[in-house]
Amino acid sequence: DVKVTQSSRYLVKRTGEKVFLECVQDMDHENMFWYRQDPGLGLRLIYFSYDVKMKEKGDIPEGYSVSREKKERFSLILESASTNQTSMYLCASSLTWTANTEAFFGQGTRLTVV
Amino acid sequence: AQSVTQPDIHITVSEGASLELRCNYSYGATPYLFWYVQSPGQGLQLLLKYFSGDTLVQGIKGFEAEFKRSQSSFNLRKPSVHWSDAAEYFCAVAPRGAGNKLTFGGGTRVLVKP
């Protein structure tokens, strides 16, 4: 089974802190994604990566950056956390850029910024 | 820009009754279409997907969905609901030939009455 693992289920951080959310997949997938989930808004794409060291902005990249130094790991970085970044963050991966493959999701990290 | 609309935020259904969840999308061309389910505290699990061919798609857990091009809809159905179907359901679309860059609807939360 494909496994997408997010390092933390719950995080509480203070305003202004630099926050790292880590995601690891074990199936040699090329594509990795970070989404943010908020009630009534569904999931919104923050950033994605289709190869090591490659990254593309999604629909809501402001306030975030990403890092992909190794194929299996994709990190989301909040440079200076703010209360409006309190949310559920979901990482996903998929095999290739060909769209007829499914995306697999991690369990999510619930981040609270106080 | 593409968008996905799930008109029903909440649906309550009795156990054993049928269920239909609505999904409409706005897109320049027919995208790939997906339904995901999220149980409490869990990540997203793929229920079914439509890429091409037969417009009635069978998925896991007894779910099916019908693609109607003329209505830009991809509604999810289940003939007889079980208590374990209580969850949040997300419709999503992805552009053809551009990976699994998903755009999600806002979600529908399903409550199952005994």
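Everything below is about the structure shown above.
Because the structure is predicted, anything quoted here is derived from the model rather than measured.

Q: So, the packing of aromatic side chains: which residues are in play, and what are the values?
A: Pairs of aromatic rings are described using the distance from one ring centre to the other and the angle between the two planes. By the definition in use, this model includes 15 aromatic pairs over all chains. Where F105(A) meets Y36(B), the ring centres are 5.3 Å apart and the plane angle is 80 degrees; that geometry is what we call edge-to-face. Remark: Y36(B) occurs in strand β5 (residues 32–38) and F105(A) occurs in strand β10 (residues 104–105); the pair is interchain, linking two chains. Judged by relative accessible area, Y36(B) falls into the buried class, the value being 0%. When the ring of F34(B) is compared with that of F51(B), the centres are 5.9 Å apart and the planes differ by 75 degrees; the resulting orientation is edge-to-face. With F34(B) in strand β5 and F51(B) in the loop between β6 (44–50) and β7 (56–58), this pair connects stretches of sequence that are 17 residues apart. With a relative accessible area of 0%, F34(B) lands in the buried category. The rings of F33(A), Y35(A), F48(A), F105(A), Y32(B), F34(B), Y36(B), F51(B), F90(B) and F104(B) are connected pair by pair, giving a single aromatic cluster.

Q: Outline the interface of chain B and chain A, listing residues and values.
A: Listed by partner, the interface residues are 21 residues for chain B and 23 residues for chain A. For the pair chain B and chain A, the summed buried area comes to about 1800 Å², and 55% of that belongs to carbon and sulfur atoms. By the criterion of area lost to chain A, the three top residues of chain B are N100(B), K101(B) and F104(B), representing 30% of everything that side buries. Taken together, the connections running from chain B to chain A amount to four residue pairs in polar contact (both at pLDDT 80 or more). Secondary-structure elements contributing two or more residues to the side of chain B that touches chain A are β5, β6 and β10 (87–94) of chain B. Residue contributions to the side of chain B that touches chain A peak at three residues, all from β5(B).

Q: How would you summarise unusual backbone geometry if you had to cite specific residues and measurements?
A: Residues and elements named next belong to chain A. We note that D28 has phi near 60 degrees; this positive angle belongs to a residue other than glycine. Of the residues examined, D28 reaches a relative accessible area of 52% and is grouped as exposed. Unlike most non-glycine residues, K53 shows phi in positive territory, near 65 degrees. Considering the arrangement of structural elements, one finds K53 in the loop between β5 (42–49) and β6 (56–57).

Q: Break down the pairing of β6(B) for me, citing the residues and quoting the values.
A: Within β6(B), five of the seven residues are buried, which leaves the element mostly enclosed by the surrounding structure. In this structure, the hairpin formed by β5(B) and β6(B) is closed by a connection of five residues, where G41(B) is found at a positive phi of approximately 75 degrees.

Q: How would you explain the environment of S65(A) if you had to name every residue and give the values?
A: Residues and elements named next belong to chain A. Within the secondary structure, S65 is located in strand β7 (residues 64–70). Setting aside residues up to four positions removed in sequence, S65 forms contacts with Y47, S75, L76, I77 and E79. A polar contact of 3.2 Å, which involves the side chain of S65, links it to the side chain of E79.

Reading the values: the criteria
Residues numbered from 1 in each chain as written. Chains lettered and ligands numbered in written order. Predicted model: local features only at pLDDT ≥ 70, side-chain atom pairs only at ≥ 80, totals over all residues. Heavy atoms only, no water. Phe/Tyr/Trp six-rings, centres within 6.5 Å; stacked < 30°, edge-to-face > 60°. Helix = DSSP H or I, 4+ residues; strand = E, 2+ residues; numbered from the N terminus. Buried < 20%, exposed > 50% of the residue type's maximum accessible area, 1.4 Å probe, protein only. Contact = heavy atoms within 4.5 Å. Buried area = accessible area lost by both parts, 1.4 Å probe. Polar contact = N/O pair within 3.5 Å; in protein donor to acceptor, adjacent residues only side chain to side chain. Pairing = 2+ DSSP bridges.

By themselves, these observations are geometric and do not establish any function.
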